[in-house]
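Take a look at the letters that make up each chain.
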Amino acid sequence: MRSPRPTRRRGPRRFAALLLSVAATLFPSASPAGAAAPPPVPGTLQGYDIGSVFSAGVSSGGYMATQLHVAYSGTFEGSAAFASGPYDCARGQLATALNACMDTTQNLQLATLEQTTRDRSAQGQVDPVANLAGDPVYVFSGSGDTTVKRPVADALADYYGRFGARVRYDRSTAAGHAWITPLGPNSCTVTQTPFLNNCGIDAEGALLGHLFGSVAAPGSGTGGSLIRFDQNAYAPGGSAAALSMGSEGFAYVPASCAQGARCKLLVALHGCKQGYAYQGFGTRFVENAYLNEYADTNDMIVLYPQAAPTSTLENPNGCWNWWGYLGDASYARHGGKQIEAIMGMVRALRGTGTPPPTGDRTVLSSTDSEDGYVKAAADGSGAAVGTLEDAYGLALGRGTDGRVNRSVVSFDTSRIPVGKEVSRAWLTVTRSSGSGDPWASPAGNRLQVDLRTGCFGGCAVEPADWSAAATVAGAARVEAFTSGSAVSTDLSAEALAALNRGGVTQFRLGFASAPTGTAYLFVNQATPVTLTVEYR
């Protein structure tokens with residue numbers, strides 16, 4: 001872990017100039033006019049029935065959203081980021097933030113960032129990186145954004161992909177550097193206050209649909225309460241100002257959540273010059289981010305923490321801490337002062353004074369001695385157990401011998417904690433090698449996942465497994481991928497109910513139609529298939 005920068009380095013004029021540069025460059029414009037918004041209701045953060053937690057943000061808020069997700073992936077189940085880059089891109093250095101994480105004059109060293117994340121996970125400085133596998137992540141970058149340039153956002157999508165996250169990357173517009181919202185007063189391509197741009201799309205519907213799996217149409221955004229609360233209560237040391245955070249934060253609570261419905265929580269993080277305390281900006285981000293409208297119809301509480309400008313050159317434009325200002329060497333991991341303040345707010349919303357549930361996800365590795373593949377003619381005749389697993393991995397599709405391969409993987413699902421309700425599960429597979437495209441042979445072919453409560457036959461793979469009856473056929477599917485890891489779609493509700501809580505559950509992977517020619521892939525030669533199970 002990089003040690004804190006010496007205090008003396010904050011004094012020289014060159015360093016002060018760099019601080020002004022990053023603050024001005026992140027959102028380069030004049031001060032916004034004051035917002036004419038109705039006053040929120042003063043209150044406190046109370047406990048609600050919250051199941052899932054997500055983060056979202058723009059620019060410095062996008063960096064903070066990613067930091068929260070990576071540092072506390074046992075709590076945050078997904079994230080969305082507009083106009084920002086990969087986790088801890090700055091590595092505690094302002095010059096790196098400017099030249100590698102906004103501009104591209106310096107290599108941001110993505111492989112190093114990945115390894116740093118893995119090292120911190122091993123050391124317990126961030127939650128286990130295995131949690132990130134399968135998490136939904138939404139990334140947005142506009143071609144008109146010259147502040148955080150496109151290759152930096154590309155690196156964010158790539159970073160998450162290295163951990164098996166399910167990334168949706170929207171780079172279809174010429175947007176400037178801004179949060180994209182139908183309520184934005186700015187045209188799409190500009191970069192100017194209030195950094196709320198209308199590009200003729202519903203980015204919030206897209207990001208929430210990806211994070212949640214599906215989303216109901218938005219409402220009016222007026223069916224709940226906008227609570228203004230004291231952020232000092234959550235700041236380590238009791239002073240929000242000492243962390244470059246405002247004394248006031250906000251939370252939008254729909255009526256359904258206030259009345260006891262099980263709700264989701266989205267932590268929404270503004271960018272530089274968009275905080276409540278920044279030169280009269282007020283609640284413009286809170287009101288125009290187009291999140292409250294979706295909150296009303298999707299049982300979603302939106303927490304709006306607030307950064308604030310410092311009176312010094314450390315953070316004059318109220319950015320979130322993504323490069324280590326104010327000497328906080330832990331800014332991107334457990335113990336980071338702003339991260340811990342926000343986590344305190346999350347805990348309060350999940351139940352006053354109680355921490356969020358831990359251990360709400362289990363990642364199971366398949367049982368190697370019970371895994372294998374079976375080859376047969378397209379009609380299932382002449383089935384035999386494949387023999388190349390050790391050399392190449394588990395086979396899928398039609399091989400050079402004209403036989404069609406299906407793979408069986410086995411999990412000890414009795415390890416799912418007793419008394420927990422399974423809410424979601426998926427498989428992760430890693431490609432080893434292959435030839436051709438079995439998803440296109442024939443066109444629209446599907447790699448289907450069948451589930452068997454217990455074993456298809458004996459738990460060790462046998463020829464009859466090729467066509468043995470499944471408990472749930474088509475429990476999930478795996479979309480086409482040509483390298484790295486891929487996650488299946490979520491198991492169906494029927495499949496979740498069929499998981500064997502008392503012993504073994506097996507899955508059979510195979511293409512719905514026999515490929516018309518040689519087209520196959522091998523998976524998981526060096527690592528087991530994993531089954532990720534979430535529960536409450």
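Anyway, here's the lowdown on the structure attached to this text. (Residues numbered from 1 in each chain as written. Predicted model: local features only at pLDDT ≥ 70, side-chain atom pairs only at ≥ 80, totals over all residues. Heavy atoms only, no water.)

1. Thoughts on the overall build of the protein chain
- Within the protein chain, the secondary structure is distributed over 12 helices and 24 strands.
- On C-alpha atoms alone, the protein chain measures out to a radius of gyration of 25 Å, which is about the 24 Å that the 2.2 N^0.38 rule sets for 536 residues.
- Oriented by its inertia axes, the alpha-carbon framework of the protein chain measures out at about 75 × 50 × 45 Å.
- Taken across its 536 residues, the protein chain has 56% of its residues classed as buried.
- Sequence separation of at least 24 residues holds for 76% of the intrachain contacts in the protein chain that already meet a minimum separation of 6.
- Within the structure as shown, the protein chain displays about 19,300 Å² of accessible surface, and the carbon and sulfur contribution to it stands at 49%.
- Charged side chains in the protein chain number 40 positive and 41 negative. The centres of these two groups are separated by 7 Å. (Helix = DSSP H or I, 4+ residues; strand = E, 2+ residues; numbered from the N terminus. Rg over C-alpha atoms; globule rule 2.2 N^0.38 Å. Buried < 20%, exposed > 50% of the residue type's maximum accessible area, 1.4 Å probe, protein only. Contact = heavy atoms within 4.5 Å. Areas by Shrake-Rupley, 256 points an atom, 1.4 Å probe, with all protein chains shown as cover. Lys, Arg positive; Asp, Glu negative; His and termini not counted. Charge placed at Lys NZ, Arg CZ, Asp CG, Glu CD.)

2. Some points on the pattern of salt bridges
- A full pass over the atoms with the stated rule returns 15 salt bridges.
- Residue Glu114 pairs with Arg162 through a salt bridge whose shortest N-O separation is 2.9 Å. Taken as a pair, Glu114 in helix H4 (residues 110-123) and Arg162 in the loop between helix H5 (150-161) and strand E5 (166-170) lie far apart in primary sequence, 48 residues in all.
- Residue classification places Arg162 among the partly exposed residues on the basis of a relative accessible area of 32%.
- In this structure, the salt-bridge partner of Glu421 is Arg536, at a minimum N-O distance of 3.4 Å. Placement of Glu421 in the loop between strand E17 (404-412) and strand E18 (422-435) and of Arg536 in the segment after strand E24 (530-535) is noted, with a sequence separation of 115 residues between them.
- Judged by relative accessible area, which is 46%, Glu421 ranks as partly exposed.
- The exposure class of Arg536 is partly exposed, given its relative accessible area of 43%.
- Beyond isolated ion pairs, a larger network of salt bridges with shared partners links Glu114, Arg118, Asp158 and Arg162. (Salt bridge = Lys/Arg side-chain N within 4 Å of Asp/Glu carboxyl O.)

3. A few points about the pairing of E17
- Of all the 9 residues making up E17, 8 are buried; the element is thus mostly covered by neighbouring parts of the structure.
- Bridging between strand E16 (residues 394-398) and E17 involves 2 bridges; their strand directions are antiparallel. The residue of E17 that forms the bridge with Gly397 is Asn405.
- Hairpin connection between E16 and E17: a loop of 5 residues separates the two successive antiparallel strands, and Gly402 in this loop has a positive phi of roughly 80 degrees.
- Relative to strand E22 (residues 504-511), E17 runs antiparallel, the two being bridged by 6 bridges. Bridged to Ser407 within E22 is Leu509. (Pairing = 2+ DSSP bridges.)

4. Some thoughts on the side chain of Thr117
- Here Thr117 shows up in helix H4.
- Discounting chain neighbours no more than four positions away, the residues touching Thr117 are Val70, Tyr87, Val126, Val129, Tyr159 and Phe163.

5. Overview of the sheet that holds strand E4 (residues 136-140)
- If you trace the 9 strands from one edge of the open sheet to the other, you get E1-E9-E10-E12-E11-E2-E3-E4-E5, paired in mixed fashion. Every other strand in the sheet has two partners, leaving strand E1 (41-42) and E5 as the edge strands with one partner each.
- Note that strand E10 (residues 248-254) and strand E12 (residues 300-304) share 3 bridges and pair antiparallel. Residue Phe250 lies in a different strand from E12, and its bridge partner there is Tyr304.
- Where H5 meets the sheet, its contacts fall on strand E3 (76-82), E4 and E5, and the angle it forms with E5 comes to roughly 165 degrees. (Axes fitted to C-alpha atoms, helices over the stretch in contact; angles between N-to-C directions.)

6. Details of H5
- Spanning 12 residues, H5 covers 17 Å between terminal C-alpha atoms, matching the ideal 16 Å at 1.5 Å per step.
- For H5, the complete set of buried residues consists of Val152, Ala153, Ala155, Leu156, Ala157, Tyr159 and Tyr160.
- Residues of H5 that are buried make contact with helix H2 (60-71), E3, H4, E4 and E5. (Expected span 1.5 Å × (residues − 1).)

7. Here's the deal with helix H6 (residues 203-212)
- With respect to burial, H6 is a largely interior element, 10 of its 10 residues being buried.
- Buried within H6 we find Ala203, Glu204, Gly205, Ala206, Leu207, Leu208, Gly209, His210, Leu211 and Phe212.
- Gly213 occupies a position one or two residues after H6 and carries a positive phi of about 100 degrees.

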